[in-house]
Amino acid sequence: MVITIQSQIYAFLVTVYGGFVLGFIYDIFKVTRRVFRLKKTFSNIADIIFWLFGTITMLYFMYISNYVEIRFYSFLGFAIGIILYYVLLSHFIIQALIGVCEFAIKFLKKMAEIIIYPARIIVVNFIIVPYKFTKKILTLPVAFLKNNLTHFKIFKRKK
């Protein structure tokens, strides 16, 4: 099958765009690692997930560009796209993603506090306060007996 120059240029530009997308996906995983401080096991799992997404992304862009015909310029386009992404956009995207993640974490913590507050009030008012009251009432007779029984010689300790 003869491929025209226009279709080759189109396929090359699509793979360059695919390289940009791969760089963005990698930045998402890099920020995820940084924000959540993944341990080695979870980091390895994240690497596997990244490569699965990366492979699917490459196949998708190769499918749109030239029906998954493997050509040198396809891999060159992905490499150029990734390099251009890291030179031009990566720093800004990473900062923006970190800001979004930190905002989302703060927002979720605040929402959890708002949701948990009524439950805390219920627990304090209906469980802890009656428990302390009952404990105080039940310890009063014990304290009274302990204080008054020490007056009798029988209950005094020998020294």
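Residue positions are given per chain, counting from 1 as you read along its sequence in written order. This being a predicted model, a pLDDT of at least 70 is required before a residue's local features are given, and a value of 80 or more before pairs of side-chain atoms are given or counted; all residues contribute to the totals for chains, interfaces and linings. Just so you know, side-chain values use all the structure's heavy atoms and leave hydrogens and water out.

1. A closer look at unusual backbone geometry
Threshold: Working definition: helices are DSSP H or I runs of at least four residues, strands are E runs of at least two. Numbering for both runs from the N terminus. Relative accessible area decides the class of each residue, using a 1.4 Å probe on protein chains only: under 20% of the type maximum gives buried, over 50% gives exposed, and in between gives partly exposed.
Of note in the backbone geometry, Arg37 takes a positive phi value of approximately 45° without being a glycine. In this structure, Arg37 sits in the loop between α1 (5-36) and α2 (40-66). We classify Arg37 as exposed; its relative accessible area is 68%. One non-glycine residue, Tyr67, lies in positive phi territory at about 55°.

2. What to know about a nonpolar patch on the surface
Just so we agree on the cut-off: Like-charged residues within 9 Å of one another, or nonpolar side chains (Val, Leu, Ile, Met, Phe, Trp, Tyr) within 5 Å, are grouped into patches, provided each residue has over 30% relative accessible area and no salt bridge. Here the accessible surface of atoms and residues is derived via Shrake-Rupley with a 1.4 Å probe, and residues count as covered only by protein chains that are part of the display. The salt bridge definition used is simple: a Lys or Arg side-chain nitrogen within 4 Å of an Asp or Glu carboxyl oxygen.
Taken together, the side chains of Phe72, Leu76, Ile80, Ile83, Leu84, Val87, Leu88 and Leu89 present a nonpolar region at the surface, about 740 Å² in accessible area. Turning to its location among the elements, Val87 is positioned in helix α3 (residues 72-88).

3. Let's talk about the environment of Leu13
Assignment of secondary structure puts Leu13 in helix α1. For Leu13, a relative accessible area of 52% translates into the label exposed. Placed 61 residues apart in sequence, Leu13 and Ser74 show a C-alpha to C-alpha distance of 8.9 Å.

4. A closer look at the environment of Ile3
The criterion, for reference: Contacts were defined at the residue level, with two residues in contact if any of their heavy atoms lie within 4.5 Å.
Tracing the chain through its elements places Ile3 in the segment before α1. Separated by 63 residues in the primary sequence, Ile3 and Asn66 have C-alpha atoms spaced 9.2 Å apart. Ile3 has contacts with Gln8, Glu69 and Arg71, leaving out every residue within four places of it along the chain.

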